[in-house]
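Descriptive analysis of the structure
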Amino acid sequence: MASCEKCWDDAGMRSRFNGKSKIECYNEILEERKDTPCSPKEQAGQFWDEKTQSDSRNKKQKDPYKGEEVPIEAYEDEPPF
């Protein structure tokens, strides 16, 4: 699973104020929000694809040469292979 972009950004801000590392703050935020997680769009942040209404980091397509699922890179018109 990809990281939550909103929580990661929030952790950066929190770490500036409390002196803890960004990763410590990120883990704290994830724990705090486990019962009310961020929306898929918030989790994807800059990776949100408005066209498909999904996180572009999770897209996969079949590689025609290998026959296996591979992640689709950030290409609009061409597959990454």
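Quick summary incoming for the structure in this document. Keep in mind it's a predicted model, so treat the numbers as computed, not measured.

1. A closer look at the overall build of the protein chain
The helix and strand inventory of the protein chain stands at 3 helices and 4 strands. In the protein chain, the succession of helices and strands from N to C terminus is α-α-α-β-β-β-β. A burial count over the protein chain gives 20% of its 81 residues as buried. With the model as given, the accessible surface of the protein chain reaches about 6,300 Å², and the carbon-plus-sulfur share is 50%.

2. Observations concerning the packing of aromatic side chains
All told, the structure shown has 1 aromatic pair when counted by the stated rule. Considering the side-chain rings of W8 and Y26, the 5.3 Å spacing of their centres and the 75 degrees angle between planes classify their relative orientation as edge-to-face. Placement of W8 in helix α1 (residues 5-18) and of Y26 in helix α2 (residues 22-32) is noted, with a sequence separation of 18 residues between them. On the accessibility criterion, Y26 (9% relative accessible area) is buried.

3. Topic: unusual backbone geometry
One non-glycine residue with positive phi stands out, namely Q53, at about 55 degrees. Tracing the sequence through the fold places Q53 in the loop between β1 (48-49) and β2 (54-55). Given the relative accessible area of 47%, Q53 is considered partly exposed.

4. Comments concerning the side chain of D49
On the secondary structure map, D49 appears in strand β1. Only 2.9 Å separates the side chain of D49 from the backbone nitrogen of K51, close enough to count as a polar contact. Contact partners of D49, with chain neighbours within four places excluded, come to S54 and K59.

5. Concerning the environment of C7
Checked against the element boundaries, C7 lands in helix α1. Residues C7 and C38 lie 31 residues apart in sequence; the distance between their C-alpha atoms is 8.1 Å. In this view, C7 contacts Y26, I29, L30, R33 and C38; residues no more than four positions away in its chain are not counted.

Rules used in this analysis
Residues numbered from 1 in each chain as written. Predicted model: local features only at pLDDT ≥ 70, side-chain atom pairs only at ≥ 80, totals over all residues. Heavy atoms only, no water. Helix = DSSP H or I, 4+ residues; strand = E, 2+ residues; numbered from the N terminus. Buried < 20%, exposed > 50% of the residue type's maximum accessible area, 1.4 Å probe, protein only. Areas by Shrake-Rupley, 256 points an atom, 1.4 Å probe, with all protein chains shown as cover. Phe/Tyr/Trp six-rings, centres within 6.5 Å; stacked < 30°, edge-to-face > 60°. Polar contact = N/O pair within 3.5 Å; in protein donor to acceptor, adjacent residues only side chain to side chain. Contact = heavy atoms within 4.5 Å.

Geometric values such as these leave the question of function open.
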